[in-house]
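For reference, the chains in residue letters:
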Amino acid sequence: MTKRIILHIDMDCFFAQIEERENPQFKGKPIVVGADPKEGKGRGVVSTASYSARKYGIHSALPISKAYQLCPKAIFLPVNMELYQKVSEEIMAIVKKYSPTFEQVSLDEAYLDLSFLWQAIKGKRPLTIYGQGEELAKKLKKEILEKEKLTCTIGIGPNKLIAKMTSKKAKPNGLLVIKPDQVREFLEPLDIDDLPGIGPKTAEKLRGIGINKIEELKNLSKTKLRDIFGVVGVRISPTIYERARGIDETPVTPEVIIKSIGRQITFEKDTRDSEIIFENFEQMIKEVHQELIENKFLFKTITVICRFQDFETHTKSKTLYTSFPKARVGLGPNFSQKFGHRALKEPTGNFEILKSEAKKLLLKFLVENPKLIRLIGVRVKIC
DNA sequence: AAGTTCTTATTAC
DNA sequence: CTAACGGTAATAAGAACTT
């Protein structure tokens, strides 16, 4: 179980590539999938940019208004999620065939555990294990290209962390294999923000103390890391300390359990118009509830999100049922007498409760704060 | 003191 | 000139509150 070989597959600029496939007249042109730019006035962001659009500095998460400035003549397309979903399902069906241990991470990303290769051929093997992994990856790339007319990038390594970083390095349309004995030389020259889990904030902190490369990050002791990040970075698994060394024992696991469901929207213009606010809000609540029903989920906590004109964002939440605190468990047979006055509400799927409680929370924001509102959202925690 | 709830921060796709 | 900055979800941490 210790020796593993993990494959990470990542479709190249997935949404943009699908649009290019569906519209051959766009081939090679800068394609930007995302919010409506509205002649530079749009408020959304870029979802995916094709590689020719990236030459203009356009990338995922860039404000669409900025993207429009950078290349107004680019082809701006709305997100056609149903289409991408369908293509994703077809692709994942192909990927799955290559290993029984499969984990889909997002619409366009998945891991395969290829460790079965170790036991496949014991004595006489034509290739090393990693060589066999590479052959599988080539086949997989070929099958997806032939059947779906789409390119992807595959990374192979001894764990998920390395596989993921490897595919990132190799894209687009790439294939890169990093064997255990190559991990060190692969990792050390990379920038700290190439490490999954190190985002803009953490990277900035590290640069502040003169750490820019993973090699330098390795010089920090566990205690030093704790000083910088508090307990974070020490407790998260794999920790930053381990990641910097390419260590990651997290398994490839098929199913991810949904823990919350939510909706949020940014208004076209900041507003205080309660018509607009509550109409949208009720719609979102309906959608959340619908999703609860479809999955036969019950919820226990409702959180409402509100972002004001100045981007200040706050949340308010309400837990609708009182769980049974463990502290009470050891209290002997009297506990129900002692605490019985406090009704234990059950988790619920009730729409009216969701609606009224969520509205109460939103109303608090409106009462407390006179600023124009940019975004509202609602989320429920599943139990 | 310990468990739960509420809020914020950060990350990722 | 600066700002521009979506939607969905997970996770961690610490403050505030309850018991």
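The rules behind each value
- Residues numbered from 1 in each chain as written.
- Chains lettered and ligands numbered in written order.
- Predicted model: local features only at pLDDT ≥ 70, side-chain atom pairs only at ≥ 80, totals over all residues.
- Heavy atoms only, no water.
- Core = buried A, V, L, I, M, F, W, Y, C linked by side-chain atoms within 4.5 Å.
- Buried < 20%, exposed > 50% of the residue type's maximum accessible area, 1.4 Å probe, protein only.
- Helix = DSSP H or I, 4+ residues; strand = E, 2+ residues; numbered from the N terminus.
- Contact = heavy atoms within 4.5 Å.
- Pairing = 2+ DSSP bridges.
- Axes fitted to C-alpha atoms, helices over the stretch in contact; angles between N-to-C directions.
- Arc of directions from axis to C-beta.
- Disulfide = S-S within 2.5 Å.
- Phe/Tyr/Trp six-rings, centres within 6.5 Å; stacked < 30°, edge-to-face > 60°.
- Lys NZ or Arg CZ within 6 Å of the ring centre and 35° of its normal.
- pLDDT = per-residue confidence, 0-100.
- Left-handed = near helix turned anticlockwise from the far one by under 90°.
- Nonpolar A, V, L, I, M, F, W, Y, C, P; charged D, E, K, R; others polar.

(A) Representation of the nonpolar core within the structure. Grouped together as the largest cluster of nonpolar side chains are 38 residues, with contacts concentrated most on Leu 7, Ile 9, Phe 14, Val 95, Leu 140 and Ile 144. Of all elements in the fold, only strand S1 (6-11), helix H1 (14-22), strand S2 (31-34), strand S4 (75-77), helix H4 (81-96), strand S6 (109-113), helix H6 (129-148) and strand S7 (152-157) reach the threshold of two or more residues within this core. A total of seven residues in this core trace back to one element, the largest contributor, which is H4. Non-local contacts of Ile 9, meaning those with residues more than four positions away in its chain, are made with Val 95, Asp 108, Glu 109, Ala 110, Leu 140, Ile 144, Cys 152, Thr 153 and Ile 154. Counting 26 residues, the second largest nonpolar core, distinct from the first, contains Leu 292, Phe 299, Cys 306 and Leu 320.

(B) Structural view of the sheet that holds strand S9 (residues 260-271). The four strands lie next to each other as S9-S12-S10-S11, forming an open sheet whose pairing is antiparallel. In the strand order of this sheet, the two ends are held by S9 and strand S11 (313-319), each with one partner. Across the sheet, the mean angle separating the axes of adjacent strands is 15° when strand polarity is ignored. Relative to the sheet, helix H16 (residues 351-368) contacts strand S10 (299-308), S11 and strand S12 (373-382), its axis offset from that of S10 by approximately 30°.

(C) Spotlight on the sheet that holds S1. Reading across the sheet, the five strands line up as S5-S6-S1-S7-S8 and stay open at both edges, with mixed pairing between neighbours. At either end of the open sheet lies a strand with only one pairing partner, and these are strand S5 (102-106) and strand S8 (175-177). Taken pair by pair, the neighbouring strands of this sheet meet at an average axis angle of 15°, ignoring direction. Where S1 lies against S6, five bridges are found, and the strand directions are antiparallel. Each bridged residue has a counterpart across the sheet, and for Ile 6 the counterpart in S6 is Asp 113. H6 contacts S1, S6, S7 and S8 of the sheet and is inclined by roughly 165° relative to S7.

(D) Quick peek at helix H9 (residues 200-208). Listed in full, the buried residues belonging to H9 are Thr 202, Ala 203 and Leu 206. In an axial view of H9, the angular spread of the buried residues amounts to 100°, which keeps them on one side of the axis. Turned more than 90 degrees away from the buried face of H9 sit Pro 200, Lys 201 and Gly 208, all of them exposed.

(E) Just the state of the cysteines, in detail. On inspection of all chains with the given rule, the structure shows zero disulfides. There is no disulfide at Cys 71, and the cysteine sulfur nearest it, in Cys 13, is 15 Å away. Since its relative accessible area comes to 2%, Cys 71 is described here as buried. Cys 152 takes part in no disulfide bond, and the closest cysteine sulfur, belonging to Cys 13, lies 12 Å away. Judged by relative accessible area, which is 1%, Cys 152 ranks as buried.

(F) Expanded view of the pairing of S2. Where burial is concerned, the two faces of S2 agree: the one with Ile 31 and Val 33 and the one with Val 32 and Gly 34 are both buried. Here three bridges tie S2 to S4, and the two strands are oriented parallel to one another. Note on S4: the bridge partner recorded for Ile 31 is Ile 75.

(G) The arrangement of the environment of Gln 283 in detail. By the secondary structure assignment, Gln 283 is in helix H13 (residues 274-295). It is 9.5 Å that separates the C-alpha atoms of Gln 283 and Arg 263, two residues lying 20 residues apart in sequence.

(H) Local environment of the packing of aromatic side chains. For the coordinates displayed, the defined rule picks out four aromatic pairs. Between Phe 14 and Phe 15 the ring centres are 6.0 Å apart and the planes differ by 50°, which places this aromatic pair in the tilted class. For the pair Tyr 68 and Phe 76, a centre-to-centre distance of 5.8 Å together with 40° between the ring planes defines the contact as tilted. By relative accessible area, Tyr 68 is classed as partly exposed at 23%. We note Lys 160 situated over the ring of Tyr 111; from NZ or CZ to the ring centre the distance is 5.1 Å. Seen from the ring of Phe 311, Arg 307 lies directly overhead, with NZ or CZ sitting 4.5 Å from the centre.

(I) Looking closely at the confidence of the model for chain A. Residues at a pLDDT of 70 or more form 89% of chain A, whose mean pLDDT is 90. Low pLDDT, under 50, characterises residues 323-343; the predicted model gives this stretch 13 contacts beyond four residues in sequence or across chains.

(J) Spotlight on the environment of Leu 320. With respect to the helices and strands, Leu 320 occurs in the loop between S11 and helix H14 (326-329). For the pair Leu 320 and Arg 379, spaced 59 residues apart in the sequence, the C-alpha separation amounts to 13 Å.

(K) Just the packing of H13 against H16, in detail. One way to put it is that H13 packs onto H16 with a least axis distance of 10 Å and a crossing angle of 145°. Viewed along their axes, H13 and H16 form a crossing whose handedness is right-handed. Contact residues: Ile 277, Phe 278, Phe 281, Glu 282, Ile 285, Lys 286, Val 288, His 289 and Leu 292 in H13; Phe 351, Leu 354, Lys 355, Ala 358, Lys 359, Leu 362, Leu 363 and Leu 366 in H16. Taken together, the residues that form the contact of H13 with H16 break down as 12 nonpolar, one polar and four charged.

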